[in-house]
Amino acid sequence: MNDKKIFIGLLVATTVMVTLPLALQAQTSVSSSNSISKQGESDNARQTNDRGTLIAQQDATNAFNAAVAKLQQQNYAEAVEAFSEVIRLEPNNWRPYLGRAIAYRRQGDHQNAVKDYDETLRLNPENITAYSGRGIAKRRLGDNQGAIADYTAAIRRDENYGQAYYNRGLSKLDLNDRQGALEDFRRAAAIYREQELVEFERDAQARIDELEKTGE
């Protein structure tokens, strides 16, 4: 898969945290000193809670960025541990599940990769990177039908996702659907050409040439 696209997908909207108010305005319509005192106590409690939330969010952001760095450095075992820590801090955030899924898959643990891709899609059902990555993991596990379904889901969400076409072609080839594979490789090559991804286009074209030659 295109690493640049993966990392952009992981990082989008993760390094900018919502600034929470550190001071809340006191209500002015308090009719007694006792009410004012209670409001002040409430505001102080809110300030403390908001500061704690902001610190926790920043801790999670720092941990996430460190995990992405380990993934980029191909330290996959350390990346798994780092993303697991982010998940502990933010169990309802889909991004660390996606990052850990990628790390699992790249170190050959495809079963755990599928589980984390499943969780990513539970939290973010439109994530095309998760569909495509889960397709790769399923193919490695011998589930080409499941892989094709995932690649197709990714394509439905982005018809110019060349890697999904290419990978779907590989799964179709595994199932001896040579014509279907040829069509997908042709579509992938056309997209790569439009996107000026020369090496990817060359790879897809080699698949096309091989199928056309052996089909004569």
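Per chain, residues are indexed from 1 in the order of the written sequence. For a predicted model such as this one, the threshold for reporting local features is a pLDDT of at least 70, and the threshold for listing and counting side-chain atom pairs is 80 or more; totals across whole chains, interfaces and linings nevertheless cover every residue. Only hydrogens and water are set aside when side-chain values are computed; all heavy atoms of the structure are taken into account.

## With respect to the overall build of the chain
Next, step 1: Within the chain, the secondary structure is distributed over ten helices and zero strands.
Next, step 2: Working definition: helices are DSSP H or I runs of at least four residues, strands are E runs of at least two. Numbering for both runs from the N terminus. Starting at the N terminus, the α and β elements of the chain follow one another as α-α-α-α-α-α-α-α-α-α.
Next, step 3: Restricting to contacts in the chain with at least 6 residues of sequence separation, those with at least 24 account for 55%.
Next, step 4: If you sum the accessible surface of the chain, you get close to 12000 Å²; carbon and sulfur atoms cover 46% of it. Two residues qualify as a contact provided that any one of their heavy atoms is within 4.5 Å of a heavy atom in the partner residue. Accessible areas in this description were obtained via Shrake-Rupley with a 1.4 Å probe; residue shielding takes into account the shown protein chains only.

## Remarks on the nonpolar core
Next, step 1: What is meant by a nonpolar core is a set of buried Ala, Val, Leu, Ile, Met, Phe, Trp, Tyr and Cys residues, joined one to another through side-chain atoms within 4.5 Å. Relative accessibility thresholds used throughout: buried, under 20% of the residue-type maximum; exposed, over 50%; partly exposed, between the two (1.4 Å probe, protein chains only). Grouped together as the largest cluster of nonpolar side chains are 43 residues, with contacts concentrated most on Leu71, Phe83, Leu98, Tyr117, Ala154, Tyr166 and Phe185.
Next, step 2: In this structure, Tyr166 is in contact with Phe185, Ala188, Tyr192, Asp203, Ala204 and Arg207, ignoring residues within four places of it in sequence.

## With respect to the pattern of salt bridges
Next, step 1: Any Lys or Arg side-chain nitrogen located within 4 Å of an Asp or Glu carboxyl oxygen qualifies as a salt bridge. Tallied over the full model, the rule gives 13 salt bridges.
Next, step 2: Where Glu78 meets Lys70, a salt bridge forms, and the shortest distance between an N and an O atom there is 3.2 Å.
Next, step 3: Owing to a relative accessible area of 41%, Glu78 belongs among the partly exposed residues under this scheme.
Next, step 4: Between Asp118 and Arg134 there is a salt bridge, and its shortest N-O distance comes to 2.7 Å. Taken together, the positions of Asp118 in helix α5 (residues 110–123) and Arg134 in helix α6 (residues 128–140) put the pair 16 residues apart, joining distant regions of the chain.
Next, step 5: Residue Asp118 is classed as partly exposed on the basis of its relative accessible area, which comes to 36%.
Next, step 6: Shared partners join several salt bridges into a network, and the residues in it are Asp118, Arg134, Lys138 and Asp150.

## Side note on the confidence of the model for the chain
Interpretation of the predicted coordinates at a detailed level should be avoided for regions scoring low in pLDDT.
Next, step 1: Each residue carries a pLDDT score, the predictor's own confidence in it, on a scale running from 0 to 100. Across the chain, the average pLDDT comes to 82, with 73% of residues at 70 or higher.
Next, step 2: Within the model, the stretch residues 12–33 combines pLDDT values under 50 with 31 contacts to residues more than four positions away or in other chains.

## Details of unusual backbone geometry
Next, step 1: The phi torsion at Gln74 lies on the positive side, around 65 degrees, for a residue other than glycine.
Next, step 2: On the secondary structure map, Gln74 appears in the loop between α2 (33–72) and α3 (76–89).
Next, step 3: Gln74 gets classed as exposed once you look at its relative accessible area, which sits at 55%.
Next, step 4: Although it is not a glycine, Glu196 adopts a positive phi angle of roughly 60 degrees.

## Focus: the environment of Asn93
Next, step 1: As for its position among the elements, Asn93 is in the loop between α3 and α4 (94–106).
Next, step 2: Through-space distance from the C-alpha of Asn93 to that of Thr120 is 8.4 Å; in sequence the pair is 27 residues apart.
Next, step 3: A 3.5 Å cut-off defines polar contacts: any pair of N or O atoms within that distance qualifies, except that in protein one atom must be a possible hydrogen donor and the other a possible acceptor, and neighbouring residues in sequence count only when both atoms are side-chain atoms. Reaching out from Asn93, the side chain makes a polar contact with the side chain of Glu90 at a distance of 2.8 Å.
Next, step 4: Within the structure, Asn93 has its side chain in polar contact with the backbone nitrogen of Arg95 (distance 3.0 Å).

## Points about the packing of aromatic side chains
Next, step 1: Only the six-membered ring of Trp is used, alongside the rings of Phe and Tyr, when aromatic pairs are assigned; centres must lie within 6.5 Å, and planes under 30 degrees apart are stacked while those over 60 apart are edge-to-face, with the rest tilted. Counted according to the given criterion, the structure contains three aromatic pairs.
Next, step 2: Summarising the aromatic geometry, the rings of Tyr166 and Phe185 are spaced 5.3 Å apart at their centres and angled 55 degrees between planes, so their arrangement reads as tilted. Taken as a pair, Tyr166 in helix α8 (residues 162–174) and Phe185 in helix α9 (residues 178–194) lie far apart in primary sequence, 19 residues in all. Each member of the pair Tyr166 and Phe185 is classed as buried.

## Regarding the packing of α8 against α9
Next, step 1: With axes taken as lines fitted to C-alpha atoms, and helix axes fitted only over the stretch in contact, angles between N-to-C directions fall between 0 and 180 degrees. Their axes nearest at 8 Å, the elements α8 and α9 cross at an angle of 160 degrees. The orientation of α8 relative to α9 falls into the category roughly antiparallel. The handedness of the crossing between α8 and α9 comes out as left-handed. Contact with α8, carried on its side by Gly162, Gln163, Tyr165, Tyr166, Arg168, Gly169, Leu170, Lys172 and Leu173, involves Arg178, Gly180, Ala181, Asp184, Phe185, Arg187, Ala188, Ile191 and Tyr192 of α9 and no other residues of that element.
Next, step 2: Under this grouping Gly is polar, as are all residues other than the nonpolar Ala, Val, Leu, Ile, Met, Phe, Trp, Tyr, Cys and Pro and the charged Asp, Glu, Lys and Arg. A per-class count over the contact of α8 with α9 returns nine nonpolar, four polar and five charged. By the definition adopted for this analysis, an angle is roughly parallel if under 35 degrees, roughly antiparallel if over 145, roughly perpendicular if from 65 to 115, and oblique otherwise. Each helix crossing is assigned a hand: it is left-handed if the near helix lies turned anticlockwise from the far helix by less than a right angle, otherwise right-handed if that turn is clockwise.

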